[in-house]
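Survey of secondary and tertiary structure
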Amino acid sequence: MATYAAPGQPDSVVSFKPRYDHYIGGEYVAPAKGQYFENPTPITGRTFTEVARGTADDVEKALDAAEGAASAWGRTAVTERANVLTTMADRIEANLERIAVAESWENGKAVRETLAADIPLAIDHLRYFAGAIRAQEGHLSQIDEDTVAYHFHEPLGVVGQIIPWNFPILMAIWKLAPALAAGNAVVLKPAEQTPASIHVLLDVIGDLLPAGVLNVVNGFGVEAGKPLASSSRIRKIAFTGETTTGRLISQYASENLIPVTLELGGKSPNIFFDDVAAQQDAFYDKALEGFAMFALNQGEVCTCPSRALVQGGIYDEFVAQGVKRAEQVKMGNPLDTETMMGAQASNDQLEKILSYIDIGRQEGAKVLTGGERADLGGELSGGYYVQPTVFEGQNSMRIFQEEIFGPVLSVARFTDYADAMTQANDTLYGLGAGVWSRDTNTAYRAGRDIQAGRVWVNNYHAYPAHAAFGGYKQSGIGRENHKMMLDHYQQTKNILQSYSDNALGFF
Amino acid sequence: MSEISTSTDVTEQVPEVPCSGTGRVALSPQASELLVSLTGIHGPLMFHQSGGCCDGSAPMCYPDGDFKIGGSDVHLGDLSVEGLEKPIGFYMSASQYEYWKHTHLTVDVVKGRGSGFSVEAPEGVRFIIRSRLFTDEEMRELGDR
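Quick notes on the rules
- Residues numbered from 1 in each chain as written.
- Chains lettered and ligands numbered in written order.
- Predicted model: local features only at pLDDT ≥ 70, side-chain atom pairs only at ≥ 80, totals over all residues.
- Core = buried A, V, L, I, M, F, W, Y, C linked by C-beta atoms within 7 Å.
- Buried ≥ 20, exposed ≤ 12 C-beta atoms within 10 Å, placed from the backbone.
- Contact = placed C-beta atoms within 7 Å.
- Helix = DSSP H or I, 4+ residues; strand = E, 2+ residues; numbered from the N terminus.
- Pairing = 2+ DSSP bridges.
- Domains from an automatic or database assignment.
- Nonpolar A, V, L, I, M, F, W, Y, C, P; charged D, E, K, R; others polar.
- Axes fitted to C-alpha atoms, helices over the stretch in contact; angles between N-to-C directions.
- Parallel < 35°, antiparallel > 145°, perpendicular 65-115°, else oblique.

1. Brief notes about the nonpolar core
Residues and elements named next belong to chain A. Grouped together as the largest cluster of nonpolar side chains are 193 residues, with contacts concentrated most on Ala 66, Leu 85, Leu 126, Ile 169, Ala 181, Val 186 and Val 187. When neighbours within four sequence positions are excluded, Leu 126 is seen to be in contact with Leu 85, Thr 86, Met 88, Ala 89, Ile 173 and Ala 177. One finds Tyr 20, Phe 37, Val 51 and Ala 52 within the second-largest nonpolar core, a separate group that totals six residues.

2. Regarding the interface of chain A and chain B
With 42 residues of chain A at the interface, the matching set in chain B holds 39 residues. Taken together, the elements giving at least two residues each to the side of chain A that touches chain B come down to α7 (221-229), α8 (243-256), α11 (347-362) and α12 (398-401) of chain A. Of all the elements, α11(A) adds the most residues to the side of chain A that touches chain B, at nine residues.

3. Details of the pairing of strand β17 (residues 408-414) of chain A
Residues and elements named next belong to chain A. Along β17, six of the seven residues are buried, which leaves the element largely enclosed by surrounding structure. Inspection of the sheet shows strand β14 (residues 307-311) paired to β17 by five bridges, in the parallel sense. Bridge pairing in β17 links Val 310 to Arg 413. Where strand β16 (residues 389-392) meets β17, four bridges bridge the pair, whose relative direction is parallel. Residue pairing in the sheet places Glu 392 in a bridge with Val 411 of β17.

4. With respect to the domain arrangement of chain A
Interface extent is often summarised as the accessible area lost during association of the parts. All names here are of chain A. Structurally, chain A comprises domain 1 (19-264 + 475-493) and domain 2 (269-457). Domain 1 and domain 2 are separated by 30 Å when their C-alpha centres are compared. Contact residues are listed per partner, giving 20 residues for domain 1 and 25 residues for domain 2. Only α3 (96-107) and α4 (111-135) provide two or more residues apiece to the side of domain 1 that touches domain 2. Residues that form the side of domain 1 that touches domain 2 fall into these classes: six nonpolar, nine polar and five charged.

5. Observations regarding the sheet that holds strand β20 (residues 454-457) of chain A
All names here are of chain A. Here seven strands make up an open sheet; going across it, the order is β15-β16-β17-β14-β13-β19-β20 and the pairing mixed. Strand pairing shows two members of the sheet lacking a second neighbour, β15 (366-369) and β20, which therefore form its edges. If you compare each strand with its neighbour and ignore which way they point, the axes differ by 25 degrees on average. Together, β13 (269-272), β14, β17 and β19 (432-436) form the strand contacts of helix α13 (residues 417-425), whose direction differs from that of β17 by roughly 150 degrees.

6. Some words on unusual backbone geometry
The residue A:Asn481 is not glycine, and still its phi comes out positive at about 65 degrees. Here A:Asn481 is to be found in the loop between β22 (476-477) and β23 (490-498). Given 22 C-beta atoms within a 10 Å radius, A:Asn481 is considered buried. Even without being a glycine, B:Cys19 presents a positive backbone phi close to 60 degrees. Within the secondary structure layout, B:Cys19 lies in the segment before β1 (25-27).

7. Considering the packing of α4(A) against helix α5 (residues 168-181) of chain A
All names here are of chain A. Two elements in contact, α4 and α5, have axes separated by 9 Å at closest approach and are oriented at 10 degrees. As far as their axial angle goes, α5 and α4 are roughly parallel. Residues Asp 118, Ile 119, Leu 121, Ala 122, His 125, Leu 126, Phe 129, Ala 130, Ala 132 and Ile 133 of α4 lie in contact with α5, whose contacting residues are Ile 169, Leu 170, Ile 173, Trp 174, Ala 177, Pro 178 and Ala 181. A class-by-class count of the residues in the contact of α4 with α5 yields 15 nonpolar, one polar and one charged.

Below, the structure is given as structure tokens:
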């Protein structure tokens, strides 16, 4: 067990450059307007690098590079593209600590998570799509004896991707792996809260891709994201974020008649049926861990199990033990491998979470634990830390209905199966859900009745590459992960061929 | 842009500019001040309240008309800002409004870096919503619409 030295110190495994430009056409290019913005680490609140403040001119330059590269990349043999992806994965694996520490410093999350989840999952994702693209085959249909319909997969061309700040590298790879495997060129805009760690990644893998296949334009949404999303030069836009921006991006996409995939978050229920406590065994302990999963990544996960619904028969004891479990979540320096929960990603995020804790109290929800900003002392005093917080209340309260995106759990009671399903589905969103039961029939029925794209049964927060992920209702459009994701980055070409020598006889 | 004033302590009651809004939504003095300078840069503005992931639950501020309001939106009111000719419309999706309508909203501003396409982000600040429950009397006056 160890504490990694902070980037910038001589013994750190990673050092950030003092400044990052845009990555366009395989090289670093200064922003057209010459402006940069400061990038602080949420761990201490101090700036550690500055990043190019991109504008429409920079986006155009990146689109030039992508258009120049798309055609050749789209025609490479799938073996070649798959090999590039697996080599990217190998390089990242060889630099795991360096990238994981960079990601922790950038986002504020505990290095324990980046070492065990974010970066290993990114590696696995690249390998999965390397395999998936080689295994993908087109289809053919014999229409009649002399006529055949061939269906080919073709890349879309140049695509735009806008990445969120909660998993800066993993979310970039979720979008990049299928897009690159399918033969597209990409212009990617990282979140302005977390613009730097992807450049540490590019340092490791940038040379593996032909120039222009992957271009990164940094900057603010209004200045760089908007020109990208509204450009008539992209063939698709992919976005992870919130509903209003999702609608705005859809509006731009409709003007250009291009497809859009949106991942817009949720308010995921985590449902514990009475039979969970039938025995005090390993499974019961696993369920308690499931209850505490809201603290993963400081609650900054679109699928955060932020609503726990617990059946009346076990409610008092299970919730009391669950709260105890949440109180064992160890806060501290995110670069310490013992730390379980780190800093929120930005000051405004911290303020928003505290605002929600405030409205929760006003609405009469009871604080069972936490409920305050945490001051971890020393250098960490400048960072953005919130105690793991558990509220008890009703599903109609705003803290049960809005994605707080912090370590805040809202707990309510349900009476029977029907009540559980009513409360679970009484939400605008439908991204994730958890069901905990020893009865497979109950678990199966609940899994099917919950209106969400991903239902975890007797587990939570697992993200294997080959399980489809995406939302029902206002949680978005389209899916990520799984080989079906290749379709989101491909056109279907149909060649309808006649092998007959004879005229139809019509004219 | 000169130094932007922001609220610093979330637990303090945020004051509102009198007559800056409606019974449902109003502005803090800092938000009002910021809207004047942002209008100078971007022209007339509007708000649409977001929900969902990441920067969800944040009020998004756009050049007026950039975001297309539709039949699925509710107009909570117009925000009046001293020094601006045109009031600033505040909208929210109707489905989200159903869960919010028992609370009064104050648009405030804090230091930070929101994402999304909201126009204040490059200035190093972020609009934020402070909420309080309506009293029974206020609910009656608003007709609980």
